[in-house]
Amino acid sequence: MFVGLLGFFIFGICLIFLIWAAAKKKLKRWWALGMLAGFILFIVGVSIDSSPSTADHNTPNTSIASNTPIKTTVTSTSITASSSASVTNTSDTLEVYYFDVGQGDAELLRIGDDTMLIDAGTNASTNALIADIKNLGITDIDYVVGTHPHEDHVGGMDAVISRFDIGTVLMPTITADTKTYKDVISAIDAKHLKITAPIPGSNITLGPVTCTILAPNSLKYDDLNNYSIVLCAVYGNESFLFTGDAEELSESEILAKGYNVDSDVLKVGHHGSNSSTTPDFLKVVSPTCAIIEVGAGNDYGHPAQATLDKLSATGATIYRTDLNGTIKLTSNGSTINISPSIITTSPAVTTSTSAPVTSITTTAAAVMTTTTASASKTTTTIVTTTTKTTTPTTTTATNSTLSLDIISVTSPVSAGSNATLTVRTSPGAQCNITVYYKSGASSASGLGSKTADSDGNVSWTWKVGAKTTAGTWKIVVSASINGQSITKNTTFTVE
Ligand SMILES: [Zn+2]
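Since this is a predicted model, take the numbers as computed values, not measurements. (Residues numbered from 1 in each chain as written. Predicted model: local features only at pLDDT ≥ 70, side-chain atom pairs only at ≥ 80, totals over all residues. Heavy atoms only, no water.)

What is the right way to read the overall build of the protein from this model?
For the protein, the helix and strand inventory stands at eleven helices and 26 strands. Per-residue burial for the protein yields a buried fraction of 51% across its 495 residues. Of the contacts formed within the protein by residues at least 6 apart in sequence, a portion of 67% connects residues at least 24 apart. For the protein, the exposed surface amounts to about 21400 Å²; the carbon and sulfur share of it is 57%. (Helix = DSSP H or I, 4+ residues; strand = E, 2+ residues; numbered from the N terminus. Buried < 20%, exposed > 50% of the residue type's maximum accessible area, 1.4 Å probe, protein only. Contact = heavy atoms within 4.5 Å. Areas by Shrake-Rupley, 256 points an atom, 1.4 Å probe, with all protein chains shown as cover.)

Help me understand the pairing of strand β8 (residues 203–206), please; the structure alone is not making it clear to me.
Side-chain positions along a regular strand alternate between the two faces of the sheet. In the sheet, β8 pairs with strand β9 (residues 209–215) via four bridges, with the strands oriented antiparallel. Note on β9: the bridge partner recorded for I204 is C211. Hairpin connection of β8 to β9: two residues between the antiparallel strands, including G207 at a positive phi of 55°. (Pairing = 2+ DSSP bridges.)

Would you mind going over the coordination of the zinc ion with me for this structure?
Ideal values differ by geometry: the angle at a metal is 109.5 degrees with four tetrahedral donors, but 90 or 180 degrees with six octahedral donors. Those protein atoms acting as donors to the zinc ion are D152 (OD), H153 (NE2), D245 (OD) and H271 (NE2), and they sit at 2.1 Å. Seen from the zinc ion, its four donor atoms lie at angles of 86 to 151°, and the figure they make is irregular. Counting along the primary sequence, the residues that act as donors to the zinc ion give the motif D-H-x91-D-x25-H. You can see H153 sitting in helix α5 (residues 151–154) and its partner H271 sitting in the loop between β12 (265–267) and α9 (279–285), a full 118 residues away along the chain. Given the relative accessible area of 0%, H153 is considered buried. (Donors = N, O, S within 2.8 Å, 3.2 Å for Na, K, Ca; no water. Tetrahedral: all angles 85-135°; square planar, octahedral: opposite > 155°, others 65-115°.)

Before we go on, may I ask you to explain the confidence of the model for the protein in this structure?
In low-pLDDT regions, the fine details of the predicted coordinates are not to be read closely. In this model, the protein carries a mean pLDDT of 77, and residues with pLDDT of at least 70 account for 69%. Contacts from residues 44–90, a stretch scored under 50 in pLDDT, to residues over four places away or in other chains number 90 contacts. (pLDDT = per-residue confidence, 0-100.)

Help me out: how do you make sense of the packing of aromatic side chains in this one?
What characterises a pair of aromatic rings is the spacing of the ring centres plus the angle enclosed by the ring planes. Counted by the stated rule, this structure contains five aromatic pairs. An angle of 65° between the planes, with centres 5.8 Å apart, marks the rings of W462 and F492 as edge-to-face. With W462 in strand β24 (residues 457–463) and F492 in strand β26 (residues 484–494), this residue pair connects regions lying 30 residues apart in the sequence. Across the pair, F492 and W462 agree in class, each one buried. (Phe/Tyr/Trp six-rings, centres within 6.5 Å; stacked < 30°, edge-to-face > 60°.)

Looking at this model, I keep getting lost on the environment of T335. Mind explaining?
Mapping T335 onto the fold places it in the loop between β15 (327–331) and β16 (336–340). A relative accessible area of 21% means that T335 is categorised as partly exposed. As for T335 and N237, which are separated by 98 residues in sequence, their C-alpha atoms are 8.1 Å apart.

I keep staring at the sheet that holds β24 and nothing clicks. Help me out?
Sheet strands line up and pair through hydrogen bonds in the backbone, either parallel or antiparallel. Here three strands make up an open sheet; going across it, the order is β19-β20-β24 and the pairing antiparallel. Looking at which strands have only one partner, the edges of the open sheet turn out to be β19 (404–409) and β24. Strand-to-strand twist of the sheet, defined as the mean angle between neighbouring strand axes without regard to direction, takes the value 20°. (Axes fitted to C-alpha atoms, helices over the stretch in contact; angles between N-to-C directions.)

Mind showing me how you'd approach unusual backbone geometry here?
A negative phi holds for most residues other than glycine; trans holds for most peptide bonds. P216 follows A215 through a cis peptide bond whose omega is 10°. Here the bond from H302 into P303 is cis, since omega is -5°, no more than 30 degrees from zero. Positive phi is not limited to glycine here, since D119 has a value of about 70°. Relative to the assigned elements, D119 resides in the loop between β4 (114–118) and α4 (126–135). Overall, the relative accessible area of 0% leaves D119 in the buried class.

Teacher, can you tell me more about the layout of surface pockets here?
Over the atoms rolls a probe the size of a water molecule, and its path tells where empty space is left. Reported here for the largest pocket is a volume of approximately 740 Å³. For the largest pocket, the lining is made up of 31 residues, of which H302, P303, R320, N432 and T434 are closest to its centre. Of all the secondary structure elements, the ones that give two or more residues to the lining of the largest pocket are α10 (305–313), α11 (321–324), β21 (430–437), β25 (471–481) and β26. With five residues, β21 is the largest single contributor of residues to the lining of the largest pocket. The residue inventory of the lining of the largest pocket, partitioned by class, reads 13 nonpolar, 16 polar and two charged. (1 Å grid on protein atoms, 1.4 Å probe; cavity = no way out; pocket = protein on both sides within 12 Å on 5 of 7 lines; lining within 4 Å. Points joined across faces, edges and corners; volume = space filled by probe spheres on them. Nonpolar A, V, L, I, M, F, W, Y, C, P; charged D, E, K, R; others polar.)

Whenever I open this one, the pairing of β24 confuses me. Can you help?
Burial of β24 is one-sided: the residues V458, W460 and W462 facing one way are buried, the residues N457, S459, T461 and K463 facing the other way are not. Where strand β20 (residues 418–425) and β24 come together, seven bridges link them in antiparallel fashion. The residue bridging R424 from the neighbouring strand is N457, located in β24.

So what exactly am I meant to see when it comes to the nonpolar core here?
Ranked by size, the top nonpolar core spans 30 residues in total, and within it F99, L129, I141, V160, I161, I166 and I188 carry the most contacts. Elements supplying a minimum of two residues to this core: α4, β5 (140–145), α6 (157–163), β6 (165–170) and α7 (179–190). If near-sequence neighbours (up to four positions away) are discounted, V160 is found in contact with L117, A120, L129, I130, I141 and I166. (Core = buried A, V, L, I, M, F, W, Y, C linked by side-chain atoms within 4.5 Å.)

Below, the structure written as structure tokens:
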């Protein structure tokens with residue numbers, strides 16, 4: 001500012017003297033040169049003044065003190081991305097990353113210069129997550145959303161806040177008495193940031209993408225998961241729903257509020273647990289693509305088979321970070337492209353080797369095209385190319401090239417004898433079986449994960465325990481390949 005004013009001042013003085021000199025026929029040249037110098041200083045001053053200052057950047061433009069109660073009334077506050085990211089994404093392509101952070105959540109949205117990080121994985125996955133974000137050329141994050149204070153969501157958030165330039169931090173108005181949470185608060189304080197409380201119904205704008213906050217809708221919950229910030233990002237005809245760990249109660253509140261949750265892509269709530277994704281909620285969301293952020297061999301049994309079954313029944317294609325690694329979606333507002341396993345540069349902590357990652361990290365690219373007629377989704381086609389499949393498989397599901405047929409099962413079988421189940425699926429598909437008796441899932445040897453042979457055949461033989469209760473029991477078989485999963489149920493009778 002000062003340089004610009006000084007330049008303007010010199011320019012003005014020299015102009016006056018030039019006119020005076022011209023009138024007196026004196027040394028005009030010097031005054032003309034002074035005028036030129038003043039003009040250059042003026043231009044330089046103006047251009048310095050108009051470039052963004054980093055000091056301003058860290059100040060969130062909409063701040064609500066962290067102890068502000070969550071309003072339950074719908075307001076339409078509009079928060080606009082205030083700053084520019086360091087790397088300019090020149091296209092109008094929205095990129096959505098579902099990072100593989102082991103047993104935890106971390107999603108990133110980027111369009112043009114605008115970025116939003118939803119959750120930051122665990123303490124253990126922090127370095128991998130930061131490397132992944134930096135590898136995208138990102139140094140500034142406009143919005144950091146901590147859905148709720150659990151370690152598997154905000155474990156890496158302190159480091160993210162420390163290492164990147166942050167615009168606004170959104171977190172629900174609930175605290176946790178954990179070191180992880182305190183670390184996040186310390187990082188926020190150290191950067192002189194404030195926590196913005198989520199207001200359901202308010203919008204956050206990321207360029208042409210509108211993110212509407214849908215939850216939490218109550219002031220108090222018994223379960224920390226229900227404080228999860230739920231938001232829906234809409235770009236053109238495509239919509240992406242992010243649910244954190246919101247459970248049944250929060251889902252019902254969202255439906256009761258009448259929010260538009262019909263989405264193309266669902267980040268499945270609470271890692272696919274039984275506590276979320278109620279049939280009512282799923283029916284309204286009606287996703288064509290469901291993404292589960294989950295760690296291989298986690299202690300919680302995520303995702304629940306019942307959730308996988310429900311998602312399959314709605315026709316959604318399921319992608320899982322434990323099977324597919326980091327999943328990247330791109331959209332131009334009318335189509336969505338899916339590329340699992342393409343950007344995982346540094347593997348997140350692996351807790352177990354049960355995930356058949358190697359069979360899936362081949363070059364798989366699925367293209368999901370959603371033809372939209374006015375407001376409603378009409379058609380979805382998925383084209384999958386893979387280097388693994390040697391023979392084309394027949395399509396049974398309407399939106400999937402992966403099939404799974406149960407060919408035979410020994411039934412009835414007497415307790416103490418062997419039973420065999422045979423399925424046919426895509427060659428190379430990773431298959432799992434669970435046999436449920438009255439006492440729960442069987443742990444008999446022979447019921448492990450298997451890879452389909454070149455004809456797509458898989459069979460398991462296991463011993464039915466001598467003390468197994470007689471009755472008809474459920475068997476669940478699943479097959480996964482190239483980011484697609486399919487599940488089939490059958491029963492067999494023990495005598
Ligand atoms: Zn969680």
